[in-house]
Amino acid sequence: MSKRKLTRQQRWRIEKIQAERAKRAERVDARDGERLEAGEFGPERPGRVTAHFGRSLDVEAVDDSGQRHRHRCHMRANMDGLVTGDRVVWRQANDDSGVVVARGERDSVLERPDARGQLKPVAANLDQILIVFAAEPEPHANLIDRYLVAAEATGITPVLVLNKVDLLPEHGGELRDLLDRYEALGYPVVLASVKQQDGLDALHQRLTGRTSVFVGQSGVGKSSLIDRLLPDHALRIGALSEDSRKGTHTTTTAMLYHLPAGGELIDSPGIREFGLTHLDAEQVTVGFIEFHDYLGRCRFRDCRHREEPGCALLAAVERGDIHPQRFASYRRILASLESDGE
Ligand SMILES: Nc1nc2c(ncn2[C@@H]2O[C@H](COP(=O)(O)OP(=O)(O)OP(=O)(O)O)[C@@H](O)[C@H]2O)c(=O)[nH]1
Ligand SMILES: [Zn+2]
């Protein structure tokens with residue numbers, strides 16, 4: 001791994017900036033502490049993080065008249081690691097701002113490696129990961145499996161969304177057959193078309209009442225889908241760029257949006273790239289859900305499921321209980337890990 005060498009002067013400057021930033025955060029936190037003590041903040045209220053920018057967050061809460069409102073909040077120094085989608089307890093100042101004082105339990109969390117390769121949470125409390133693919137660009141053989149394995153590792157339900165069905169041959173072609181196979185494994189499958197009037201009904205149904213993210217390779221139509229699902233999305237992007245002029249890095253943070261029919265979408269460039277992250281061999285094996293019945297049943301405890309006698313997985317493939325393409329895909333994903341230097 002190559003590390004960029006910094007000159008002493010650069011390093012000194014970076015450390016100085018970081019120290020100043022830490023000091024500023026400390027000052028803000030001390031002031032919040034004093035104001036809390038002085039009773040300058042209102043009572044504790046539940047809220048949901050809809051965006052985060054360093055130590056500032058947008059927290060959404062329902063006010064007395066039942067309206068949703070977003071409040072720019074600080075978080076206390078002991079509260080690191082809040083992400084979009086987190087449920088929090090916060091207290092409002094006498095203006096619109098506030099301070100977050102506690103984080104609620106997370107049902108689920110989506111993580112991504114940061115610049116140093118360390119996993120960092122990017123969104124919390126998701127119900128489902130919508131894996132989008134399309135006839136064009138055609139998904140390569142094990143792409144869907146890679147996404148599914150990555151999703152299984154989070155414990156969040158994956159949903160396969162085949163977009164651009166308007167481009168499919170009349171009887172659905174190979175891609176339809178492929179989807180039938182995933183459906184038989186128990187994965188929810190949704191067909192969609194941004195181009196066709198009625199092409200999004202099934203997707204709307206699937207999204208209603210749940211918190212979702214869209215992932216998938218470039219060009220499959222994630223932006224097109226999101227633009228159609230969030231009619232005032234364009235307006236929000238306008239508001240975002242206004243914020244970024246004030247110096248907040250809004251383009252990379254995950255944002256939570258409400259769908260008109262109920263349900264939420266969390267989106268960011270980092271989230272869309274989910275699935276291309278590193279996995280370990282164990283995660284890959286348990287990420288193939290139809291293997292579960294056979295794991296631990298091989299003759300050798302350390303069976304690598306390659307050519308060992310008495311391998312329960314190989315026997316299941318032989319009998320046709322595990323599809324040979326899924327097994328080949330499993331092998332290929334493992335091989336790609338090994339060539340990564342693992
Ligand atoms: N025929 C057809 N084309 C579509 C459909 N949905 C999107 N497209 C087209 O596919 C292309 C890519 O769509 P995007 O929405 O930019 O794809 P994306 O997944 O957001 O791509 P990235 O931003 O690169 O991640 C655009 O030219 C869209 O007009 C569809 O349902 N049918
Ligand atoms: Zn085995």
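Residues take numbers from 1 onward in each chain, read along the sequence in its written order. Whichever chain is written first is A, and whichever ligand is written first is 1; the rest continue in order. Two thresholds apply to this predicted model, a pLDDT of at least 70 for residue-level local features and 80 or more for giving and counting side-chain atom pairs, whereas whole-chain, interface and lining totals are computed over all residues.

With an unreviewed UniProt entry as reference, the protein chain is termed Small ribosomal subunit biogenesis GTPase RsgA, source organism Halomonas salipaludis. UniProt positions are given in the numbering used here, feature names are shortened, and annotations may be inferred rather than shown by experiment. Looking at the protein chain in UniProt, the text filed under Sequence similarities (unreviewed entry) is "Belongs to the TRAFAC class YlqF/YawG GTPase family. RsgA subfamily." Listed in UniProt under the heading Subunit (unreviewed entry), the comment for the protein chain reads: "Monomer. Associates with 30S ribosomal subunit, binds 16S rRNA."

Draft legend 1. Quick peek at the overall build of the protein chain. A count of helical and extended segments in the protein chain gives ten helices and 13 strands. Structurally, the protein chain occupies a C-alpha span of about 70 × 55 × 35 Å along its principal axes. Three classes are used. A residue is buried when 20 or more other C-beta atoms lie within 10 Å of its own, exposed when 12 or fewer do, and partly exposed in between, with C-beta atoms placed from the backbone. For the protein chain, the residues scored as buried account for 28% of the 342 residues in total. Helix and strand assignments come from DSSP, with helices taken as H or I runs of at least 4 residues and strands as E runs of at least 2, each series counted from the N terminus.

Draft legend 2. Region of interest: the sheet that holds strand E1 (residues 44–53). A pair of strands is treated as paired once DSSP finds two or more bridges between them. Judged by pairing direction, the barrel is mixed, and its five strands sit side by side in the order E1-E2-E3-E5-E4 before closing back on the first. Shown here is a sheet whose adjacent strand axes are inclined to one another by a mean of 55 degrees, direction ignored. One ladder, built from five bridges, connects E1 with strand E2 (residues 56–62); its direction is antiparallel. Residue Ala51 lies in a different strand from E2, and its bridge partner there is Asp58. Interaxial angle, 0 to 180 degrees, is taken between N-to-C directions of lines fitted to C-alpha atoms, where a helix line uses only the stretch in contact.

Draft legend 3. Structural detail: the UniProt feature "binding site: Zn(2+)" (unreviewed entry) in the protein chain. According to UniProt, the "binding site: Zn(2+)" (unreviewed entry) feature falls on Cys298, Cys303, His305 and Cys311. By the secondary structure assignment, Cys298 is in the loop between helix H8 (281–287) and helix H9 (312–319). In this structure Cys298 touches Cys303, His305, Glu308, Gly310, Cys311 and Ala312, once residues within four positions along its chain are discounted. Along the chain, the position of Cys311 falls in the loop between H8 and H9. Residue Cys311 is classed as buried on the basis of its C-beta count, with 20 C-beta atoms lying within 10 Å. Each residue touching Cys311, except ones within four places of it in the same chain, is listed here: Cys298, Cys303 and His305. Contact between two residues is assigned whenever their backbone-derived C-beta positions fall within 7 Å.

Draft legend 4. Here's a closer look at helix H2 (residues 143–154). Between its first and last C-alpha, H2 extends 17 Å over twelve residues, near the 16 Å set by a 1.5 Å rise per residue. For H2, the secondary structure elements touched by its buried residues are strand E8 (128–134), strand E9 (157–163), strand E11 (211–215), H8 and helix H10 (324–339). Given the number of residues in a helix, its expected span is that number minus one, multiplied by 1.5 Å.

Draft legend 5. Geometry of the pairing of strand E12 (residues 255–258). By the bridge criterion, four bridges tie E12 to strand E13 (residues 264–267) in an arrangement that is antiparallel. Considered in E13, the bridge of Leu256 is made with Ile266. Counting the residues that bridge the hairpin from E12 to E13 gives five residues, and of these Gly262 lies at a positive phi of roughly 95 degrees.

Draft legend 6. Fine view of the confidence of the model for the protein chain. As a per-residue quantity, pLDDT reports the predictor's confidence and falls between 0 and 100. Averaged over all residues, the pLDDT of the protein chain equals 87, while 92% of them reach at least 70. Contacts of residues 244–250 to residues separated by more than four positions or lying in other chains number eight contacts, the stretch itself having pLDDT below 50.

Draft legend 7. View of the site of ligand 1. Should the C-beta atom of a residue, placed from the backbone, lie within 6 Å of a molecule or strand, that residue is near it. Neighbouring ligand 1 are 16 residues; Ser218, Gly221, Lys222, Ser223 and Ser224 lie closest to it. With three residues, helix H5 (residues 222–229) is the single largest residue contributor to the shell around ligand 1.

Draft legend 8. Local environment of the domain arrangement of the protein chain. Taken domain by domain, the protein chain comprises domain 1 (8–103), domain 2 (124–272) and domain 3 (281–339). Reported domain spans reflect what an automatic or database domain assignment gives. The C-alpha centroid of domain 3 is placed 47 Å from the C-alpha centroid of domain 1.

Draft legend 9. The pairing of strand E3 (residues 68–75), seen in detail. Summarising the sheet, E2 and E3 pair through seven bridges and their orientation is antiparallel. If you follow Leu57 over to E3, its bridge partner there is Cys73. Between E2 and E3, which follow one another and run antiparallel, lie five residues, and Gly66 among them has a positive phi close to 85 degrees. The pairing of E3 with strand E5 (residues 98–103) spans three bridges and is parallel. Residue His74 lies in a different strand from E5, and its bridge partner there is Val99.

Draft legend 10. Structural context of the sheet that holds E12. In space, the six strands of this open sheet follow the order E10-E9-E8-E11-E13-E12, with mixed pairing throughout. The open sheet has two edge strands, strand E10 (189–191) and E12, and neither has a second partner. Looking at each pair of strands side by side, their axes are set apart by 30 degrees on average, direction ignored. Relative to E13, E11 runs parallel, the two being bridged by two bridges. Residue pairing for E13: Thr211 is matched across the bridge by Glu264. H2 contacts E8, E9 and E11 of the sheet and is inclined by roughly 175 degrees relative to E8. Sitting on the sheet, helix H3 (residues 173–185) touches E9 and E10, and the angle it makes with E9 is about 165 degrees.

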